[in-house]
Structures are given as structure tokens and as C-alpha cells.
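Single-letter residue listing:
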Amino acid sequence: MARGDAATVGVALVRLVWTRPASTDRKDIREYIAADNPTAALALDELISEKAARLADDPGLGRIGRVPGTRELVAHRNYVLVYDTADDQVRILRVLHAAREWPAP
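Residues numbered from 1 in each chain as written. Predicted model: local features only at pLDDT ≥ 70, side-chain atom pairs only at ≥ 80, totals over all residues. Heavy atoms only, no water.

J.: Sorry if this is basic, but what is going on with the pattern of salt bridges here?
T.: Scanning the entire structure with this criterion turns up eight salt bridges. The partner of Asp-45 in a salt bridge is Arg-26, with the nearest N and O atoms 2.6 Å apart. With a gap of 19 residues between them, Asp-45 in helix H2 (residues 38-57) and Arg-26 in helix H1 (residues 20-34) connect regions that are remote in the sequence. You can call Arg-26 buried: its relative accessible area is 15%. For Arg-91, the salt bridge is made with Asp-84, and the minimal N-O distance between the two is 2.5 Å. By sharing partners, the salt bridges in this structure join Arg-26, Arg-30 and Asp-45 into a single network. (Salt bridge = Lys/Arg side-chain N within 4 Å of Asp/Glu carboxyl O. Helix = DSSP H or I, 4+ residues; strand = E, 2+ residues; numbered from the N terminus. Buried < 20%, exposed > 50% of the residue type's maximum accessible area, 1.4 Å probe, protein only.)

J.: Explanation requested: unusual backbone geometry in the structure shown.
T.: Peptide bonds are mostly trans, and most non-glycine residues show a negative phi. Phi is positive for Asp-87, which is not a glycine, with a value near 50 degrees. Relative to the elements of secondary structure, Asp-87 occurs in the loop between strand S4 (79-86) and strand S5 (89-97). The exposure class of Asp-87 is exposed, given its relative accessible area of 85%.

J.: Help me out: how do you make sense of H2 in this one?
T.: Residues lying three or four places apart along an α-helix face the same way, a consequence of the helix completing one turn every 3.6 residues. Its 20 residues place the ends of H2 30 Å apart at the C-alpha level, agreeing with the 28 Å of an ideal helix rising 1.5 Å per residue. Among all positions in H2, only Ala-41, Leu-44, Asp-45, Ile-48, Ala-52, Leu-55 and Ala-56 are buried. All buried residues of H2 fall inside an arc of 140 degrees around its axis, so they share one side. Opposite its buried face, H2 presents the exposed residues Thr-39, Glu-50 and Asp-57, each directed more than 90 degrees away. Considering only its buried residues, H2 is in contact with strand S1 (15-18), H1, strand S3 (71-76), S4 and S5. (Expected span 1.5 Å × (residues − 1). Arc of directions from axis to C-beta. Contact = heavy atoms within 4.5 Å.)

J.: How should I be thinking about the sheet that holds S5 in this particular structure?
T.: Backbone hydrogen bonds hold the strands of a sheet together, and the pairing may be parallel or antiparallel. Strand order in the open sheet formed by five strands is S1-S5-S4-S3-S2, and the pairing between neighbours is mixed. Two strands lie at the open edges of the sheet, namely S1 and strand S2 (63-64), each paired on one side alone. Looking at chain direction, S3 and S4 are connected through five bridges and run antiparallel. Bridged to Val-74 within S4 is Val-80. Contacting S1, S4 and S5, H1 crosses the sheet at an angle of about 40 degrees to S5. In the packing of H2 onto the sheet, contacts are made with S1, S3, S4 and S5, and the angle to S3 comes to roughly 145 degrees. (Pairing = 2+ DSSP bridges. Axes fitted to C-alpha atoms, helices over the stretch in contact; angles between N-to-C directions.)

J.: I tried to follow the packing of aromatic side chains on my own but got confused; where do I start?
T.: Across all of its chains, the model carries zero aromatic pairs by this definition. Across the ring face of Trp-18, the terminal group of Arg-26 is positioned such that the distance to the ring centre comes to 4.6 Å. (Phe/Tyr/Trp six-rings, centres within 6.5 Å; stacked < 30°, edge-to-face > 60°. Lys NZ or Arg CZ within 6 Å of the ring centre and 35° of its normal.)

J.: Mind showing me how you'd approach H1 here?
T.: A rise of 1.5 Å per residue sets the reference length of H1, with its 15 residues, at 21 Å; its end C-alpha atoms lie 21 Å apart and thus fit the reference within 8%. For H1, the complete set of buried residues consists of Ala-22, Asp-25, Arg-26 and Ile-29. Along H1, the residues classed as buried sweep out an arc of 95 degrees about the axis, all on the same side. Buried residues in H1 make contact with S1, H2, S4 and S5.

Here is the structure:
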């Protein structure tokens, strides 16, 4: 084995996909917070992005979701990433405020 090969042995590449609803959620959250504090909006958006990126390394990181077939990861005390996994990808389905009723009745 060549030097450096050990780091890639057995590592599956998982692609992170943001669905349109999740991208819209993220944009809406950023714009809402930016109206009062642009710096906080940027910091929160970066945190959400970092937490989502961790799912590519460990798709099982979040808890079992409230909707069958989904998982949920707390990205911030006020925001939850709802996602699912299939084959070689993690799909971020929604970014929801923790106080929001999910799924909707």
C-alpha cells in the first residue's frame, strides 16, 4: 500500500444535496435575521452549512425523524435540518425553526 492510501480505504463518498424547499428555508432564515443583524445572519448560515456538511461524513449523525424515512439534526438550538439518505447522497429536505410544528397537522 502506498503512503497516504490508508486514509481513503473503505471511505464512501457521500454527496450532499440541498433540495429547493431547504434552500428556500435557508434563504428566508438568512433574510429574516439579516433585517436586524446581518453579521448574525451570516454566522448562522455558515453554521447551518457546516452542520450539513458533517452529514456527508456521517449520515447517521442525526436522530430518527418525525416523518418516516427522515432524520433530523439540530444545527442550532433554534434550527433543525430535516434530511434523508439514499445510496450515495444525503438530501437536506428542510431547515425548520425548532418551535415549528413538524410535520404540519
